[in-house]
Amino acid sequence: MNDPARAHPARTASYEADPETVRRVLLLYSGGLDTSVILKWIQDAYAAEVVCLTVNLGQPGEDYDVIRGKALRLGALDCHVVDARREFAADYIAPAIKANAIYGNGYPLFTALGRPLIAKLAVEHARSSGCDTIAHGCTGKGNDQVRIEATVATLAPELKVIAPVRSWQMGREQEIAYAREHGIPVKGGTEAPPYSIDDNLWGRSSEGRWIEDLDHPPEEDVFRLVTSPERAPDEPELVTLEFERGLPVAIDGERLELVALLERAAQIGARHGAGIVDHIEDRIVGLKVRDIYEAPAAAMILPAHRELERLVCTIHQNEFKPQLERQWAFLVYAGLWWEPLRLDLDAYMNEVNERVSGTVGLKLFKGHARVVTRSSANALYDASLASFADSGGVFSQAASPGFIELWTLQSRMAWRLRNR
């Protein structure tokens, strides 16, 4: 198991590392089971030095001093801890909000948004630390390997990649046994394989254990971010979100910078059980998988933003933009953050959102976040035109019959031809 040539006998991509040339590795380190085992294994299997990088994207409950100390005790030359919450919010979550980014009608893309930023930071720190190789803890069955390796290959073709979990063929129980054998602390001290968790400012995902059984309904122990709807408050809460140029800037009248606003929205949504998604997902590697997602901030902000767009945009914009949103979400999900088309789509999303300013009211209750009020100085809505109380005025109802005759002409002709 300690021979990298046997663990990874054949390279299939030019960016994969040749075991003979690996000298210093930048490891994306979370402090969890996989990356802690990888840290020790790289030192033994490659006789290489390891520098760790831990990125704070808003994961709740993490003690980064503890994570860094663990990496150093396991032999890392250094462990860089980077607080990237502001960059993540401004450069990754903000475009996703403008694009109403949902993949597969359920997944708000939080992991998919975080991985290209993490990999970009890995490139920067690998270069500054004199590393020749970047290592990550992704498996061969997931999308994250694509997102990270595509970023490294795009931004730093001189750097190579190793992915031990993909090549060493250890399962969770074997990893735990390896950790015990080499004195690596296992989080929680349990021998039971844990859920596979990823979380950040925008949400949390859980995989593994009973989640892989499609007949098994969700168990309460998986919900560590969002209150289950059954235990949520018995009284609804009204929340207002104010947007400027497509982005939320205030909650309940209090202006906040984006990171703080996302955190506040997540707290409110989580308290009311909003944002739970039990999702069957088509991965780009060809698998169908089940994921449990908790995304309370996204469950509030995305519907509010979408409703405000609907209010200020024309019918043609509202019909066209969702087509581009699906393409934007697919590119990001599929690991193509650096694809020029994504930037082209961003230009359109930014232009449309120039007029998306206003306030949206949401009612949160027992797992739901429902839009109940909306207002905007840019609204293409005129109560005097829409009202059923008045007749006439600037809207000529007498013009409707001629419009109906012309609008339905071809459809009526086709129906008669097919049914005569």
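Everything numeric here is computed off the predicted structure, so don't read it as measured data.

**A look at the environment of Val25**
Now for step 1: As for its placement among the helices and strands, Val25 is situated in strand E1 (residues 24-28).
Now for step 2: Measuring from C-alpha to C-alpha, the distance between Val25 and Trp210 comes to 35 Å, with 185 residues separating the pair along the chain.
Now for step 3: When residues no more than four places from it in sequence are discounted, the contact partners of Val25 are Ile42, Ala48, Glu49, Val50, Val51, Cys131, Thr133, Ile134, Ala135 and Ile162.

**Examining unusual backbone geometry**
Now for step 1: At Asn105, a residue that is not glycine, the phi angle is positive and equals roughly 60°.
Now for step 2: The topology assignment puts Asn105 in the loop between helix H4 (85-98) and helix H5 (110-128).
Now for step 3: For Asn105, a relative accessible area of 81% gives the class exposed.
Now for step 4: The phi torsion at Arg209 lies on the positive side, around 55°, for a residue other than glycine.
Now for step 5: One can find Arg209 in the loop between strand E7 (203-207) and strand E8 (237-244).
Now for step 6: By relative accessible area, Arg209 is classed as partly exposed at 42%.

**Observations regarding the nonpolar core**
When a protein is soluble and globular, its nonpolar side chains tend to lie buried together.
Now for step 1: One finds Leu109, Leu113, Trp202, Ile301 and Trp328 to be the most contacted residues of the largest nonpolar core, which totals 80 residues.
Now for step 2: Per element, the largest residue contribution to this core is 10 residues, and it comes from H5.
Now for step 3: Leave out the neighbours within four places in its chain, and Leu113 touches Phe88, Tyr92, Ile93, Ala96, Pro108, Trp202, Trp328, Val332 and Trp337.
Now for step 4: By size, the runner-up hydrophobic cluster in this structure holds 32 residues, among which are Val25, Val37, Ala45 and Ile176.

**Quick word on the pattern of salt bridges**
Pairing of side chains with opposite charge becomes possible as their charged atoms draw close.
Now for step 1: Under the criterion given, the structure shown has 29 salt bridges.
Now for step 2: Asp144 is paired through a salt bridge with Arg115; the nearest N and O atoms lie 3.2 Å apart. With Asp144 in helix H6 (residues 144-155) and Arg115 in helix H5, this residue pair connects regions lying 29 residues apart in the sequence.
Now for step 3: Overall, the relative accessible area of 16% leaves Asp144 in the buried class.
Now for step 4: Accessibility expressed as a relative area gives 14% for Arg115, which makes it buried.
Now for step 5: Across the pair Glu207 and Arg283 runs a salt bridge whose closest N-O atoms are separated by 2.2 Å. Of this pair, Glu207 sits in strand E7 while Arg283 sits in the loop between strand E11 (276-282) and strand E12 (288-294), and the two are 76 residues apart along the sequence.
Now for step 6: Since its relative accessible area comes to 23%, Glu207 is described here as partly exposed.
Now for step 7: Residue classification places Arg283 among the buried positions, given a relative accessible area of 14%.
Now for step 8: If you follow the salt bridges from partner to partner, you end up with Arg115, Asp144, Arg147 and Asp198 in one network.

**Here's the deal with the packing of H4 against helix H9 (residues 258-271)**
Now for step 1: For the pair H4 and H9, interaxial distance at closest approach is 9 Å and the crossing angle is 80°. Taken together, the axes of H4 and H9 are roughly perpendicular relative to one another. Between H4 and H9, the residues in contact are Arg85, Arg86, Ala89, Ala90, Ile93 and Ala94 and Leu258, Val259, Leu262 and Glu263, respectively.
Now for step 2: The residue inventory of the contact of H4 with H9, partitioned by class, reads seven nonpolar, no polar and three charged.

The rules behind each value
- Residues numbered from 1 in each chain as written.
- Predicted model: local features only at pLDDT ≥ 70, side-chain atom pairs only at ≥ 80, totals over all residues.
- Heavy atoms only, no water.
- Helix = DSSP H or I, 4+ residues; strand = E, 2+ residues; numbered from the N terminus.
- Contact = heavy atoms within 4.5 Å.
- Buried < 20%, exposed > 50% of the residue type's maximum accessible area, 1.4 Å probe, protein only.
- Core = buried A, V, L, I, M, F, W, Y, C linked by side-chain atoms within 4.5 Å.
- Salt bridge = Lys/Arg side-chain N within 4 Å of Asp/Glu carboxyl O.
- Axes fitted to C-alpha atoms, helices over the stretch in contact; angles between N-to-C directions.
- Parallel < 35°, antiparallel > 145°, perpendicular 65-115°, else oblique.
- Nonpolar A, V, L, I, M, F, W, Y, C, P; charged D, E, K, R; others polar.

Purely geometric numbers; function is a separate question.
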